[in-house]
Amino acid sequence: MNKNAKIYIAGHRGLVGSALVRTLQKQGYENLLLRTHAELDLTNQVQTQAFFAEHKPDYVFLAAAKVGGIQANNTFPAAFIHQNLAIQTNVIHEAWRNNVQRLLFLGSSCIYPRDCPQPMKEEYLLTGTLEPTNRPYALAKIAGIEMCWSYNRQYGTQFLSVMPTNLYGPGDNYDLNNSHVLPALIRKLHEAKVRGDATVTVWGTGTPKREFLYSDDMADACVFLMKLPDEQFQSLLAAERNDGLPPVVNIGSGEEVTIAELAQLVKDVVGFERKIVFDTGKLDGTMRKLLDVKRLSRLGWRATMTMEKGLALAYQNFKNTGANK
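Overview of the structure. (Residues numbered from 1 in each chain as written. Predicted model: local features only at pLDDT ≥ 70, side-chain atom pairs only at ≥ 80, totals over all residues. Heavy atoms only, no water.)

What about the overall build of the chain?
Within the chain one finds 11 helices and 13 strands. Expressed as lengths along the three principal axes of its C-alpha atoms, the size of the chain is roughly 60 × 40 × 40 Å. Relative to all contacts within the chain whose residues are 6 or more apart in sequence, the contacts with residues 24 or more apart total 81%. Total accessible area computed for the chain in this model is approximately 14400 Å², and 48% of it derives from carbon and sulfur atoms. Looking at charge distribution, the chain has the averaged site of its 36 positive side-chain charges lying 2 Å from that of its 32 negative ones. (Helix = DSSP H or I, 4+ residues; strand = E, 2+ residues; numbered from the N terminus. Contact = heavy atoms within 4.5 Å. Areas by Shrake-Rupley, 256 points an atom, 1.4 Å probe, with all protein chains shown as cover. Lys, Arg positive; Asp, Glu negative; His and termini not counted. Charge placed at Lys NZ, Arg CZ, Asp CG, Glu CD.)

Section: the sheet that holds strand β11 (residues 257-258)
Taking strand neighbours across the sheet as the criterion, the 3 strands line up as β11-β8-β13 in an open arrangement whose pairing is mixed. Lying at the two open borders of the sheet, with one neighbouring strand each, are β11 and β13 (288-289). (Pairing = 2+ DSSP bridges.)

A closer look at the sheet that holds strand β10 (residues 248-251)
Through backbone hydrogen bonds, the strands of a sheet pair up, either in parallel or in antiparallel fashion. One open sheet accounts for 6 strands, arranged β2-β1-β3-β4-β5-β10; its pairing is parallel. Strand pairing shows two members of the sheet lacking a second neighbour, β2 (32-33) and β10, which therefore form its edges. Of the pairings in the sheet, the one linking strand β4 (residues 102-106) to strand β5 (residues 159-164) comprises 4 bridges and is parallel in character. From the neighbouring strand, F105 faces β5, where its bridge partner is S161. Sitting on the sheet, helix α1 (residues 15-26) is in contact with β1 (7-10), β2, β3 (59-62) and β4, with an inclination near 155 degrees to β1. (Axes fitted to C-alpha atoms, helices over the stretch in contact; angles between N-to-C directions.)

Digging into the pattern of salt bridges
Applying the stated criterion to the full structure yields 10 salt bridges. The shortest N-O distance in the salt bridge between R97 and E94 comes to 3.0 Å. Here R97 and its partner E94 are both found in helix α4 (residues 77-97), 3 residues apart, which amounts to about one turn of the helix. Its relative accessible area of 46% is what places R97 among the partly exposed residues. Residue E256 is joined to R288 by a salt bridge in which the shortest nitrogen-to-oxygen separation is 2.4 Å. Residue E256 is located in the loop between β10 and β11, and its partner R288 is located in strand β13; the two are separated by 32 residues in the primary sequence. (Salt bridge = Lys/Arg side-chain N within 4 Å of Asp/Glu carboxyl O. Buried < 20%, exposed > 50% of the residue type's maximum accessible area, 1.4 Å probe, protein only.)

Here's the deal with unusual backbone geometry
Note: most peptide bonds trans; most residues except glycine with negative phi. A cis amide bond links Q118 to the next residue, P119, at an omega of -10 degrees. Within the fold, P119 resides in the loop between β4 and α5 (135-155). Positive phi outside glycine occurs at N99, with the angle close to 60 degrees. Relative to the helices and strands, N99 is located in the loop between α4 and β4. Of the residues examined, N99 reaches a relative accessible area of 65% and is grouped as exposed. Even without glycine at this site, L126 takes up a positive phi of about 65 degrees. Here L126 is to be found in the loop between β4 and α5.

Section: the packing of aromatic side chains
Summed over all chains, the structure comprises 10 aromatic pairs. Taking 4.6 Å as the distance between ring centres and 50 degrees as the angle between the ring planes, the aromatic pair formed by Y8 and F51 counts as tilted. Taken as a pair, Y8 in strand β1 and F51 in helix α2 (residues 45-55) lie far apart in primary sequence, 43 residues in all. When its relative accessible area of 1% is taken as the criterion, Y8 is described as buried. The exposure class of F51 is buried, given its relative accessible area of 6%. (Phe/Tyr/Trp six-rings, centres within 6.5 Å; stacked < 30°, edge-to-face > 60°.)

Quick notes on the pairing of β1
Going residue by residue along β1, you find I7 and I9 tucked away on one face and Y8 and A10 tucked away on the opposite face as well. Note that β1 and β2 share 2 bridges and pair parallel. Bridging from a neighbouring strand, Y8 pairs with L33 of β2. Remark: the β1/α1/β2 crossover connection has right-handed handedness. In this structure, β1 lies alongside β3, joined through 4 bridges in parallel fashion. (Right-handed = clockwise from strand over helix to strand, strands pointing away.)

Section: the nonpolar core
In this structure, Y8, L103 and Y112 are the most contacted members of the largest nonpolar core, which totals 39 residues. When residues of this core are traced back to their parent elements, those giving at least two are β1, α2, β3, α4, β4, α5 and β5. Counting residues per element, this core draws most heavily on α5, which supplies 7 residues. Once residues lying within four places of it in the same chain are set aside, the contact partners of Y8 are L33, L40, L42, F51, F52, P57, Y59, V60 and F61. Listed in part, the 38 residues of the second largest apolar core include A19, L167, A221 and F233. (Core = buried A, V, L, I, M, F, W, Y, C linked by side-chain atoms within 4.5 Å.)

A closer look at the environment of W149
Structurally, W149 can be placed in helix α5. Judged by its relative accessible area of 7%, W149 is buried. Residues W149 and A238, 89 residues apart in the sequence, show an inter-C-alpha distance of 6.6 Å. Among the polar contacts listed, one links the side chain of W149 to the backbone oxygen of A238, at a separation of 3.3 Å. (Polar contact = N/O pair within 3.5 Å; in protein donor to acceptor, adjacent residues only side chain to side chain.)

Okay, here's the thing in structure tokens:
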């Protein structure tokens with residue numbers, strides 16, 4: 001990407017989008033197109049058409065999405081599938097219509113089957129049954145991958161999908177009604193510490209394993225991919241084949257911890273000195289979700305942030321910005 005390229009980051013205020021903005025600016029990219037939801041509703045086809053026609057971005061990072069944890073996915077399944085399908089359809093189609101050079105579509109590791117072999121390889125997409133608690137969201141993301149794949153094959157576009165593992169970092173959502181497990185643990189343990197509670201309850205058995213990646217590591221991987229030479233980038237797109245290997249690259253740390261181990265790590269960072277108990281009547285979700293990151297590592301990228309340092313940074317950010325929200 002040329003330093004003067006016009007780059008649109010859809011969803012720039014979220015966990016993923018804000019990390020992309022920080023990373024791009026740090027690397028000297030200043031010609032960034034940024035719009036809030038109030039300024040541009042990407043579920044609105046007319047607004048999206050007008051934006052692309054006027055600004056003609058060279059590159060697009062599609063990070064805008066409706067996201068949430070198990071409770072939010074169970075409570076608002078229609079909103080999750082409708083809003084995500086609308087955003088993806090509008091942005092991907094307009095990127096093609098307006099000759100965007102490259103598009104990076106941000107997905108989620110929940111696209112893979114519930115009982116997927118571990119670690120999860122890109123070719124495992126659509127090989128088994130999805131986790132029911134987030135199936136509407138996962139199906140929307142799978143549709144986005146298929147759109148990228150189809151436009152590459154039919155129109156010769158350069159649209160790549162990336163599947164990050166569970167992310168955390170600055171700009172995370174700490175609302176206990178719809179947040180993911182790690183920010184929820186940070187908030188629960190912080191507030192319990194402030195109140196002087198004797199215990200903190202964590203949903204599930206604590207035995208499921210999860211992989212986590214600091215958001216700025218994820219953003220660095222995304223920019224790394226978008227800057228690949230044509231020969232390497234185009235080899236990832238599946239534009240000339242339909243052999244089952246989608247235009248997808250996993251982004252992760254390659255390491256996993258149990259929810260119980262994660263809770264202990266957060267407990268140590270927060271400084272909560274009492275007891276954690278597990279509510280085994282609550283849903284565990286998928287038991288393992290470890291991404292196979294060999295495709296990305298062969299290209300020359302690896303995560304650098306340790307879990308301990310990343311959690312300390314995330315907790316400091318929470319105290320600075322999220323504790324009263």
